[in-house]
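Take a look at the letters that make up each chain.
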Amino acid sequence: MSQSMIWTRVDYEKDGKQNGWLQLPHSVTRSAYGNVSIPLTVIKNGKGPTAFLMAGNHGDEYEGQVALCKLIQALEPHHIQGRVIIIPAINLPAAMAGVRVSPIDQGNLNRSFPGDPNGTATYAIAHYIDTVLYPMADIHHDLHSGGSSLQYLPFASMRQSQDAALNARATSALKAFGAPIGLIWAYSPDSRLSSVAAVNRNLVALGGEFGGGGSVTSSGVRIVEQGLKNLLAHAGIIEASRAVGPYAGPSRLMEIKSRDYYVYAPEAGLFEPAVELGDMVRRGDVCGKVYFVDNPGRAPEPCYFEGDGMVICKRHFGRVERGDCVVHLATDVA
Ligand code: CA
């Protein structure tokens, strides 16, 4: 397996606080020997566990990016025992453009794991995370939101694996994070996610969706800020007395178990949802209707829920194409 071409002058083993960059070689007309400089902060104090915190996996998901900038400003080596690695904009080209995928290669970082050191920029970033950063970490959080096209009720999450012991450790970290909802992804239709790669590395790896609609919600940022303190205290990296705050659980534990939790637009048009975030629905209920403003005499096309549950996510944009996810559900863990 070839090595990553990504390099850094930050020393992961050095005590203290270093603000530096991961340098991803990117040779283009305006800069033959240039790099994409992805900001990286390493804070270390002696021996102890390592937490690896990242956001900006999708560039238009902002609460985690804000919360990690604030953590970089606030956290000092004397606050911790061990090491905290913080990358607030891991897919920097996407984050700077405020879009989901990288404008360099149209790469969706969270569909690019385990990556490729010789692939395009986004695959090279995924490969560096998987082969360099994940092996260094004991605990990981990849902070997401609904991005431009979705809105979420904020939750922290974990991905269920085949490993019962790892699931137990991750569930305990999820409860410690203490978000109002703690969600378990028990259904995994895609193996290219960061969370799948992290679980394959036997890593306690949390995720979460803390807002959406291309905006920054202050309530979502607060949940992330408090949750990260709770998580660092849970890992033994900061004192529990530094983690005092409004969100300490207990989280409402929910899960997503199958394709039937999702509803997709049946036609292209203008979608009127019949539900809002937080609504409880039953299988067979109308989820919404697609209207045809270019042919208003045509009857609207309804779509229906395939299962019971709570609306935890809905589409933000009004216009839909056939196959767009318009709503998805979660159910309480029995
Ligand atoms: Ca995302």
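**Digging into the sheet that holds strand β13 (residues 269–273)**
Now for step 1: Here 4 strands make up an open sheet; going across it, the order is β16-β15-β13-β18 and the pairing antiparallel. For this open sheet the edge positions go to β16 (301–304) and β18 (319–320), each flanked by a neighbour on one side alone.
Now for step 2: As judged from the 4 bridges shared by β13 and strand β15 (residues 286–291), these two strands associate in the antiparallel manner. Note that in β15 the partner of Pro273 across the bridge is Gly288.

**Some thoughts on empty space enclosed by the protein**
Now for step 1: Counting across every chain of the model gives 1 cavity of 30 Å³ or more.
Now for step 2: Lining the largest cavity are Met158, Arg159, Ser161, Leu166, Asn167, Ala170, Val199, Leu203 and Ala205.
Now for step 3: Listed by contribution, the elements that provide at least two residues to the lining of the largest cavity are β8 (155–159) and α4 (164–177).
Now for step 4: At 3 residues, α4 tops the list of elements feeding residues into the lining of the largest cavity.

**Observations concerning the pairing of strand β19 (residues 325–332)**
Now for step 1: When you tally the buried positions in β19, you get 6 out of 8 residues, the bulk of the element.
Now for step 2: Examined bridge by bridge, strand β11 (residues 252–256) and β19 share 2 bridges and lie antiparallel to one another. Note that in β19 the partner of Met254 across the bridge is Asp332.
Now for step 3: Direction of pairing for strand β12 (residues 262–264) relative to β19: antiparallel, over a ladder of 3 bridges. Looking at the pairing, Val263 lines up with Val327 of β19.
Now for step 4: Taken together, the 4 bridges between strand β17 (residues 309–315) and β19 define a ladder with antiparallel strand orientation. Note that in β19 the partner of Met310 across the bridge is Ala330.

**Considerations on the nonpolar core**
Now for step 1: Among the nonpolar cores identified, the biggest contains 37 residues, and Leu68, Leu75, Val84, Phe177 and Leu228 are the most heavily contacted of them.
Now for step 2: Of all the secondary-structure elements, those providing two or more residues to this core are β4 (50–55), α1 (63–74), β5 (82–87), β6 (139–143), β8, α4, β10 (204–209) and α6 (218–234).
Now for step 3: Per-element tally for this core: the top contributor is α6, with 7 residues.
Now for step 4: If sequence neighbours within four positions are ignored, Val84 has contacts with Thr41, Val42, Ile43, Ala51, Leu53, Leu75, Leu232 and Ile237.

**Quick look at the domain arrangement of the protein**
Now for step 1: When the domains of the protein are assigned, the result is domain 1 (7–256) and domain 2 (260–332).
Now for step 2: Here the C-alpha centre of domain 2 lies 30 Å away from the C-alpha centre of domain 1.
Now for step 3: Both sides together, the interface formed by domain 1 and domain 2 hides about 1500 Å², and carbon and sulfur atoms give 63% of it.
Now for step 4: Together, Gln151, Leu153 and Ile256 form the three largest contributors to the area buried by domain 1 at its contact with domain 2, with a combined 34%.
Now for step 5: At the junction of domain 1 and domain 2, the tally comes to 1 salt bridge.
Now for step 6: Between Arg252 and Asp332 there is a salt bridge, with its nearest N and O atoms 2.7 Å apart.
Now for step 7: At the junction of domain 1 and domain 2, the tally comes to 7 residue pairs in polar contact (both at pLDDT 80 or more).
Now for step 8: Residue assignment for the side of domain 1 that touches domain 2 shows that the elements contributing at least two residues are β7 (150–152), β9 (181–185) and β11.
Now for step 9: The greatest single-element share of the side of domain 1 that touches domain 2, amounting to 5 residues, is contributed by β11.

**Some thoughts on the coordination of the calcium ion**
Now for step 1: At this site the calcium ion is bound by His58 (ND1), Glu61 (OE), Glu61 (OE) and His144 (ND1), with donor distances of 2.4 to 2.5 Å.
Now for step 2: In the primary sequence, the donor residues of the calcium ion line up as H-x2-E-x82-H.
Now for step 3: Among the residues examined, His58 registers a relative accessible area of 3% and is labelled buried.
Now for step 4: Taking relative accessible area as the criterion, Glu61 reaches 2% and is therefore assigned buried.

About the criteria used
- Residues numbered from 1 in each chain as written.
- Predicted model: local features only at pLDDT ≥ 70, side-chain atom pairs only at ≥ 80, totals over all residues.
- Heavy atoms only, no water.
- Pairing = 2+ DSSP bridges.
- Helix = DSSP H or I, 4+ residues; strand = E, 2+ residues; numbered from the N terminus.
- 1 Å grid on protein atoms, 1.4 Å probe; cavity = no way out; pocket = protein on both sides within 12 Å on 5 of 7 lines; lining within 4 Å.
- Points joined across faces, edges and corners; volume = space filled by probe spheres on them.
- Buried < 20%, exposed > 50% of the residue type's maximum accessible area, 1.4 Å probe, protein only.
- Core = buried A, V, L, I, M, F, W, Y, C linked by side-chain atoms within 4.5 Å.
- Contact = heavy atoms within 4.5 Å.
- Domains from an automatic or database assignment.
- Buried area = accessible area lost by both parts, 1.4 Å probe.
- Salt bridge = Lys/Arg side-chain N within 4 Å of Asp/Glu carboxyl O.
- Polar contact = N/O pair within 3.5 Å; in protein donor to acceptor, adjacent residues only side chain to side chain.
- Donors = N, O, S within 2.8 Å, 3.2 Å for Na, K, Ca; no water.

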